[in-house]
Amino acid sequence: MSDSHRGGHSPIDALAQRVDGVEEGLLTCVHCGFCLPACPTYRELGDEADSPRGRLHLMRAVAEGRLDPAGDAFQTHMDRCLGCRACEPVCPSSVPYGSLLESARQVARAARPARERTAGPVIDLMLRVFESPMILRASLTAARVARALGVPRLVRRLAPSGPKGRAGRFAAAMLEASDGSAGRGTRSRSASTRPASVPPQPEPPQPDSAPSSAGSAPPASAPMVRGDGPAVALLPGCVQGSLFSRVVDASERVLARNGCAVVRMGAGGCCGALHAHAGDHDGSLDLARRRIAEAERLDVDLVVTDAAGCGAAMKEYGEWLADDPAWADRAAAFSERVRDVTEVLADRGPLKGGEVRRNVAYDPPCHLKHAQRADAATETVLAAIPGLQVRTVADPDACCGGAGIYGMTHPELGGAIGERKVSEVRATGAPCVATGNPGCMMQIGAGLILAGADMGVVHPVELLDESYRRLDDAGGAERGSR
Amino acid sequence: MTSSSAHPVVPTPTSGDTLAPDLARRLGDIVGEAAVVSDPERLLVYETDALGRFHQTPRAVVLPADTEEAAAVVRAVHAAGLAIVPRGAGTGLSGGAVAAPGSVMLGTARMNRILEFDPDRRRARVQAGVLNSQLAALVRPYGLVYAPDPSSQAACTLGGNVAENSGGPHCLKYGVTRRYVQGLTLIDGSGRRVELGGAHRPRGDAPDLLGPVIGSEGCFGLVTEIELGLVPETEGVRTLLGLFETTAEAGEAVTAIISDGLLPAALEIVDRHTITAVESSPFRAGYPRGVGAALVVEFDGNEFELDADADRAETHCLRAGATEVRRATDDAERLRLWQGRKKAFGTMGRLAPDLMVQDATVPRSVLPEVLRGIDEIAVRYDLRIANVFHAGDGNLHPNILYDRRDAEVTERVERAAGEIMKLCVDAGGTITGEHGVGMDKRQYVRLIAGPDERDAMRAVRDAFDPDLRWNPGKVLPDDTTADADAGADFVPPPAVTGIEVSPPDLSVRAPGSVPWGEVRAAMAAEGQWSPIAVARPDLTTDEALRRGLGPLEAMWGPMRESVLGATVRTPDGRRLHLGGRVVKNVAGFDLLGLFVGEGALGRVEEVTLRAYPSPEAIEVLRWPAANGWRALPGWPHPQVITSTGHAVLLSGRRAWVDHERRRLVEVRGSPSAQESGPDALGDFVASFELDGPDPDGEARVGDGAIVADVRPGVATGQGARFAEVVGSLPGIRWAWDPTLRRGRLATEAAGPRGGEDADPPPAREPALWRDLAGAMGREGGGCALLRGPEDVRRAVWTATLAADSSAEAAEAITQRVVAVFHGDAKTASVRDHEAAS
């Protein structure tokens, strides 16, 4: 497999240029070490090579020809990084670690054939599956069916002990957790199969915010009635759109309620984040182009997602395609319009909802807090829910360990990192935890299930959605009693 | 700092430099395989520190999790004949954590637990890998502060702080790391565990080894655990920002502020280039551009005094030429000001690819002229110099910006750096105030230490590490080369003829033979004061320095913390110039602690003392406490209770925070007796010392008395319990310091004044002391004899050894150190340490 080159350079040259700070005046690491305490793998292992500073050192060594990118050292330590980017906010030189990591991963991927990389064939298969909306939808539907039939719980019980068994158990728990509950805990209200309803609007008629089914692709000429808010294209996303369809439904409803005209992008359309993180340069760019083209066909002001990982990736399309003359401007324009759903809601208010008397723990996803630096909006959104007691977990900067399939490729390390987060979550004493990314929801949820904890896992928009529903119900009850 | 395409090629390790399989197995057994790194490719990440000038991969890196593992690792490595290099977080700026070729690196990253925290007694015990900021964050909710706050505190380890004797912006008022280390666990060259300080001081008449270990840059052994003191948080804080056109003007403001008797918590200057770097980073602090220098002044203390202090400082800034003076109006603004200063070093990467980091310290009084000199050097060499520094201490960082790929510029930079160093030393300063010597400044050590001094440092180092395993190639220059003494660069300071008080430098120089009372009076005449003020005025200064400070140590640290430099005469007749004249000095190994305080090894011929602005008043309260001991409810520490039933409150919380300027003791409630003045305090300390001949010829503690320090362990560590144990001993008087958790015992003197019978009274029975020492030792404490007959000494020592095997290791080192200065063990004056490097 050959990867296309960035502007004609090999992946190593591209890496070398970026590390040396030549390209675009990017800054280089001054070796101060401020990133070490922020790094989850360093905190767990104490080894310099598993710190951002150490990984940058390895990248530089490869760029200078001192280190073989096919060797164990480079492969292992690049692989072990969670990509949480908690190191970026604390770096005094603003080293763009996230994008340097992606370049490094491209180099690592090109240097070794799949079968010699950790879970290489599995990952490659996943990446190909994620590129095809049809196959993806089919697989995730199968997963949903398995989930409904209780297969994950069975797998959990029957999986053998040992690392492979642990990986299997964890995978099963992740799938199980994706329905919003852990064990027999408090189920998220919005996990029900209630169809999306058009909310009553006192204002001029709001656009019809599309049915909840994730299966329909928007025709290019779908009529959209504009309200007083922005017209937004909502990316259902791959995993989010199928395993967490209820979250996307909730996003659609709350956006519409706050005056947005919402149109859904194609089901199964992947943003390419997974490919970028895995170092599949070609794959990530291909998907980026597709999403950009799709958004251009829709007449919208903003592109919105409720998955923090997707939002982070889409906001970086401008950088990804900077060297492609045909797409550079289009990608930059696209990225400018990307928002997390909480950002849009915070901008619009959001409207206050009905009372939800509940304690909820909140854990900001790394890709919202560190990568997008946009986690403040979530606070605003949750504040619009009267009666909600929000407890941010201790050490909110720390990653939950849910970096893609990290929990399966690095069961021990991912498990240790995840355990820390799970214990902080449980320490809040709340019956459920909210976080804005499907990967995190599955990671934390799986950890809770395996720990036997009785806690639900929700997305913040689900809480707002529930809050609006209660307001409607109360209004309906009032009307009914008169 | 950064690499370039011209990066020097690092040789691939040869088979001789790899880890032998059986040693690898042994190490894996001790710490677990995952904690041993021996793959040359993985070792690349350990090849340098934050300075980035020196690169060398170690043979292997081992990451133990605690003291036991670390000691076992050291023993294994020692048996294999290899050198060991300790490493904390690798944030050092002197190359100190860079491996020696073929060495095994011992990292403390996994020793990151806080072991004990006692908020009431304001102390914590931590493993060496705990981050500075971690400890600070832990204690803050309790209203406590860990004072030394280096700029790298977000990432640096406390073990590293101990190795470098780190400072930080707040060390002007609060002192450096050494003041706060109460004890530590050291793994010596052969892998033995040595406990120093704290409860462990086997012989009261032995020199203090804790002082020299702090700042020894990993050359004396590996520190694995540290006992640290904490200070109470102040009521309030005021932060000012003065804007100037030149750094020299800012320096004048600093001098004026200190000379006026103010003691801010911090005084920091950032120059034009630094401001540019910081303001264009995410850490912008709101510093205006186009300004030549910004001075941050911060006062902390009680609300009632802070505004007045801030106003006075503002006046001094304006008089020195400030174009504007701002005050932080809220916490957010204050933190933003500090954020910019603390991240300044990291943001300099924006200005140029490479940075020649410098760290010189000069007396504050010459700061303006030195700053002008540096400006002149910058112009002459056509270089940009970004200066960010702790103006209050005179600790400068004139960092030179350049691009290493340009060979011509690089050569100019190196010459300029050398000139700057000489300029600072010639002005009475030293070569490093906080970054340490490491590898980076070895060649400059000759500027501040002559051949005799370097020999003495080498010999003391050998006493800790006779097999020369720890961190070779660091700190001391190689004196084996032909031009070792060529140039004889060190110029001893001019001999002091009289008492020289220097208020802007907060220091005083005096001959050791002068009566202490004269020194104290000379200082008082200039509004200066030292905690040594409590010493008896008729003693010579040299004699006064050989005492302890008693309960005042809780506030000002032991005697060595009050001494900046001294010329000493060793028992074997050598004269050594130790330390310097500046308040921050980490150049070379610090031997001053061996020559002051109890157990001092030689005579002090001249001394430079640290001074503080005089307190406005000193009051000592005494009131009778029935039944010998009773905890005083509602009174904060520290207190001292004597067995004669007197309780003395040494300082309430309010007094602590303003003791430098207001009162030493706060008056609360209605005391039954009240005295004032330094003599009263001296009397009190003397009574606590239970020592010294009585002026009227009546010995309070006469010749032949037994005097001992007792540091109980956990079980007896409560004052009331201590009173029970000790109070039942016949014929013994005692005093107890709750903060230091230390008791001082003394028997009556032998002879006519003391005992009356022919039989020795029970208090003089060796068995009594043996049992006491044994009991204290078994619970983790100790008993240190300061004075007493030989049979009692032996009894105490035997009991101590039985209870704590590590005492033997400490004793061995002590004897070697003592021998260094008695000329018994002839140390080779030129040792081939550097063979490995």
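Caption draft 1: Spatial organisation of the overall build of chain A. Looking only at helices and strands, chain A features 24 helices and 8 strands. Taking all 482 residues of chain A together, the buried fraction comes to 59%. A sequence separation of at least 24 residues applies to 77% of the contacts in chain A between residues at least 6 apart. For chain A, the accessible area works out to roughly 18,400 Å², and carbon and sulfur atoms hold 54% of it.

Caption draft 2: Layout of the overall build of chain B. Broken down by element type, chain B carries 26 helices and 35 strands. Counting every position in chain B, which comprises 837 residues, the buried fraction comes to 64%. Considering only residue pairs separated by 6 or more positions, chain B has 74% of its internal contacts joining residues 24 or more positions apart.

Caption draft 3: A look at the environment of Glu69 of chain B. Residue and element names in this part refer to chain B. Inspection of the secondary structure puts Glu69 in helix H3 (residues 67-79). Residue classification places Glu69 among the buried positions, given a relative accessible area of 19%. In sequence terms Glu69 and Leu262 are 193 residues apart; their C-alpha atoms lie 48 Å from each other. Glu69 has contacts with Ile30, Val31, Pro64 and Arg110, leaving out every residue within four places of it along the chain.

Caption draft 4: Representation of the pattern of salt bridges. All names here are of chain B. Scanning all chains against the criterion turns up 70 salt bridges over all chains. The partner of Arg575 in a salt bridge is Glu605, with the nearest N and O atoms 2.8 Å apart. With Arg575 in strand E25 (residues 575-579) and Glu605 in strand E26 (residues 603-610), this pair connects stretches of sequence that are 30 residues apart. Judged by its relative accessible area of 40%, Arg575 falls in the partly exposed class.

Caption draft 5: How the structure looks around the packing of helix H9 (residues 247-259) of chain B against helix H14 (residues 367-381) of chain B. All names here are of chain B. For the pair H9 and H14, the least separation of the axes is 8 Å and the interaxial angle reads 165°. One finds that H9 runs roughly antiparallel with respect to H14. Handedness of the crossing formed by H9 with H14: right-handed. Contacts from Thr247, Ala248, Gly251, Glu252, Val254 and Thr255 of H9 reach H14 at Leu367, Pro368, Leu371, Arg372 and Asp375. Per-class residue counts for the contact of H9 with H14 are 5 nonpolar, 3 polar and 3 charged.

Caption draft 6: Up close: the sheet that holds strand E22 (residues 507-511) of chain B. Residue and element names in this part refer to chain B. Ordered by their spatial adjacency, 5 strands build an open sheet running E21-E22-E26-E24-E25, and the pairing between neighbours is antiparallel. Across the chains shown, the open sheet's two edge strands, defined by having one partner strand only, are strand E21 (500-502) and E25. Shown here is a sheet whose adjacent strand axes are inclined to one another by a mean of 10°, direction ignored. One ladder, built from 6 bridges, connects strand E24 (residues 563-569) with E26; its direction is antiparallel. Among the inter-strand pairings, Val568 is bridged to a residue of E26, identified as Val604.

Caption draft 7: The arrangement of the nonpolar core in detail. Core analysis: the biggest nonpolar cluster contains 139 residues, and Leu184, Ile431 and Phe821 of chain B have the highest contact counts within it. By residue number, the principal contributor to this core is helix H15 (residues 407-426) of chain B, which donates 8 residues. Excluding residues that lie within four positions of it along the chain, Ile431 of chain B makes contacts with Asp359, Ala360, Met421, Val425, Val437, Lys441, Tyr444, Val445, Leu447, Ile448 and Ala587 of chain B. Core analysis: the next-biggest nonpolar cluster, separate from the first, contains 63 residues, Ala143, Leu243, Leu255 and Ala308 of chain A among them.

Caption draft 8: How the structure looks around the side chain of Thr430 of chain B. All names here are of chain B. With respect to the helices and strands, Thr430 occurs in the loop between H15 and helix H16 (445-448). Engagement of the side chain of Thr430 in a polar contact is seen with the side chain of Asn585, the distance being 3.3 Å. Leaving out residues up to four positions away in the same chain, Thr430 has contacts with Ala360, Thr361, Val425, Ile448, Val582, Lys584, Asn585 and Ala587.

Caption draft 9: Highlighting unusual backbone geometry. Going from Gly349 of chain A to Pro350 of chain A, the amide bond is cis rather than trans, its omega being -10°. For Leu468 of chain B, which is not glycine, the phi torsion reads 55° and is therefore positive. Considering the arrangement of structural elements, one finds Leu468 of chain B in the loop between helix H17 (451-464) and E21. Residue classification places Leu468 of chain B among the partly exposed positions, given a relative accessible area of 22%. One non-glycine residue, Asn471 of chain B, lies in positive phi territory at about 50°. With respect to the helices and strands, Asn471 of chain B occurs in the loop between H17 and E21.

Caption draft 10: Region of interest: the side chain of Glu298 of chain B. Residues and elements named next belong to chain B. Counting through the fold element by element, Glu298 comes out in strand E14 (residues 293-301). Judged by relative accessible area, Glu298 falls into the buried class, the value being 1%. In this structure Glu298 touches His170, Val237, Arg238, Thr239, Pro264, Ala265, Ala266, Arg334 and Trp338, once residues within four positions along its chain are discounted.

Caption draft 11: Examining the interface of chain B and chain A more closely. Each partner contributes to the interface: chain B provides 40 residues, whereas chain A provides 38 residues. Summed over both partners, the interface of chain B with chain A comes to about 2,900 Å²; 57% of that surface belongs to carbon and sulfur atoms. Area buried by chain B at its contact with chain A is led by Glu41, Arg42 and Val45 of chain B, which between them contribute 21% of it. Applying the counting rule to chain B against chain A returns 2 salt bridges. Ionic pairing is found between Glu48 of chain A and Arg87 of chain B, a salt bridge with its closest N-O pair at 3.5 Å. At the junction of chain B with chain A, the criterion picks out 9 residue pairs in polar contact (both at pLDDT 80 or more). Counting only elements with at least two residues in the side of chain B that touches chain A, the list comes to helix H2 (40-43) and helix H13 (344-347) of chain B.

Caption draft 12: Molecular detail of the sheet that holds strand E1 (residues 231-234) of chain A. All names here are of chain A. Overall, parallel pairing links the 4 strands, which are arranged E2-E1-E3-E4 in an open sheet. Both outer strands of the open sheet, strand E2 (261-264) and strand E4 (338-340), are each paired with one neighbouring strand and no more. When the angles between neighbouring strand axes are averaged without regard to direction, this sheet yields 35°. Bridge count for strand E3 (residues 302-305) against E4 is 3 bridges, and the pairing is parallel. From the neighbouring strand, Val304 faces E4, where its bridge partner is Arg339.

Caption draft 13: Here's a closer look at the packing of aromatic side chains. Taken as a whole and assessed by the stated rule, the structure comprises 7 aromatic pairs over all chains. Aromatic pair Phe117 of chain B and Tyr142 of chain B: ring centres 4.9 Å apart, planes at 85°, arrangement edge-to-face. A residue pair is termed long-range when its members are at least 10 positions apart, and Phe117 of chain B in strand E5 (residues 114-118) and Tyr142 of chain B in the loop between helix H4 (132-139) and strand E7 (144-145) qualify at 25 residues. Taken together, Tyr317, Trp320 and Phe334 of chain A form an aromatic cluster joined through their ring pairs. The cationic tip of Arg330 of chain A hangs over the ring face of Trp327 of chain A; the distance from NZ or CZ to the ring centre is 4.0 Å.

Caption draft 14: Focus on the confidence of the model for chain B. All names here are of chain B. When pLDDT is averaged along chain B, the result is 81, and 81% of the positions lie at 70 or above. When pLDDT is averaged over each helix and strand of chain B, the minimum, 34, is found for helix H21 (residues 653-657) and the maximum, 97, for helix H5 (residues 158-164). Segment residues 752-757 is flagged for pLDDT under 50; beyond a separation of four residues in sequence, or across chains, it makes 4 contacts in the model. When the criterion is pLDDT under 50, residues 825-837 qualifies, and its contacts beyond four places in sequence or with other chains add up to 25 contacts. Taken over the whole predicted complex, pTM reads 0.85, whereas the ipTM for its chain interfaces reads 0.84.

About the criteria used
Residues numbered from 1 in each chain as written. Chains lettered and ligands numbered in written order. Predicted model: local features only at pLDDT ≥ 70, side-chain atom pairs only at ≥ 80, totals over all residues. Heavy atoms only, no water. Helix = DSSP H or I, 4+ residues; strand = E, 2+ residues; numbered from the N terminus. Buried < 20%, exposed > 50% of the residue type's maximum accessible area, 1.4 Å probe, protein only. Contact = heavy atoms within 4.5 Å. Areas by Shrake-Rupley, 256 points an atom, 1.4 Å probe, with all protein chains shown as cover. Salt bridge = Lys/Arg side-chain N within 4 Å of Asp/Glu carboxyl O. Axes fitted to C-alpha atoms, helices over the stretch in contact; angles between N-to-C directions. Parallel < 35°, antiparallel > 145°, perpendicular 65-115°, else oblique. Left-handed = near helix turned anticlockwise from the far one by under 90°. Nonpolar A, V, L, I, M, F, W, Y, C, P; charged D, E, K, R; others polar. Pairing = 2+ DSSP bridges. Core = buried A, V, L, I, M, F, W, Y, C linked by side-chain atoms within 4.5 Å. Polar contact = N/O pair within 3.5 Å; in protein donor to acceptor, adjacent residues only side chain to side chain. Buried area = accessible area lost by both parts, 1.4 Å probe. Phe/Tyr/Trp six-rings, centres within 6.5 Å; stacked < 30°, edge-to-face > 60°. Lys NZ or Arg CZ within 6 Å of the ring centre and 35° of its normal. pLDDT = per-residue confidence, 0-100.

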